[in-house]
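Structural description and commentary
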Amino acid sequence: MVTAQVDAAAEPLVSIHDVIDAMDEAYARLAKALEKAGTLPEEGRGRGGDWGVRRALSHIVGAWQRVPVHAAYYLAAKEGEAPIVPIQLHDDYWIPEWESAPLQAFRAALRAAYLGNLHFVAELDPRALARVGDTPFGAWTLGKLL
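Residues numbered from 1 in each chain as written. Predicted model: local features only at pLDDT ≥ 70, side-chain atom pairs only at ≥ 80, totals over all residues. Heavy atoms only, no water.

**Some details on the side chain of N117**
In plain terms, the rule: Secondary structure is summarised from DSSP: a helix means a run of H or I of at least four residues, a strand means a run of E of at least two, and numbering begins at the N terminus for each. For every residue, the accessible area obtained with a 1.4 Å probe (protein chains only) is divided by the maximum for its type, and the residue is called buried under 20%, exposed over 50%, and partly exposed between those limits. The contact criterion used is simple: two residues touch if any of their non-hydrogen atoms lie within 4.5 Å.
Tracing the backbone shows N117 in helix α4 (residues 103–122). Judged by its relative accessible area of 6%, N117 is buried. Not counting residues up to four positions away in its chain, the partners in contact with N117 are M23, W64, V67 and P68.

This is the structure in structure tokens:
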């Protein structure tokens, strides 16, 4: 059931510049943290089955790679419709290569996802940021999701 209200004429709550600034800040923080890490530990489960460092990084890479997919639900919706945006929560987006991948692999994958998303967001019609979709978090604009 679609519960979101759509006002295509509404001004975006955030701008493309705001989204890019937030992306830049998030990437800078992650890159700085990864610079400090010398190597990655073997993947193991923490207390209570918590993710290890590798799975947490895998989740971030996977989530960033899905940005265009989730955004496309908003972009493909007909005028006045609020799409249902499926977002798989709590998935570690694990691939077997992460088990032994060097830290540089995570750095490269994060950078590639970041740069790809920068280009994707920069090319968006700013009015698209005001589109509303039903997400697992509730009725969110594309700008808020980004």
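Don't stop here, the text continues.
**A closer look at unusual backbone geometry**
In the Ramachandran plot, H90 falls in the positive-phi region, its phi being about 65° despite a non-glycine side chain. Positionally, H90 belongs in the loop between α3 (67–76) and α4. In this structure, Y93 takes a positive phi of about 50° despite not being glycine. Turning to its location among the elements, Y93 is positioned in the loop between α3 and α4. Taking relative accessible area as the criterion, Y93 reaches 10% and is therefore assigned buried.

**Concerning the packing of aromatic side chains**
Put simply, the test is: Each pair of aromatic rings taken from Phe, Tyr and Trp, with Trp reduced to its six-membered ring, is defined by centres within 6.5 Å and is described as stacked if the planes are under 30 degrees apart, edge-to-face if over 60, and tilted in the remaining cases. By definition, being over a ring means that NZ of Lys or CZ of Arg is both within 6 Å of the ring centre and within 35 degrees of the ring normal.
Overall, the coordinates contain 3 aromatic pairs when judged by the stated rule. When the centroid spacing of 4.0 Å and the interplanar angle of 20° are considered together, the rings of W98 and F106 count as stacked. In this structure, W98 and F106 share a single accessibility class: buried. On the basis of an interplanar angle of 25° and a centroid distance of 4.7 Å, the ring pair of F137 and W140 is categorised as stacked. Here the guanidinium or amino end of R55 rests over the ring plane of W94, the centre of that ring lying 3.9 Å away.

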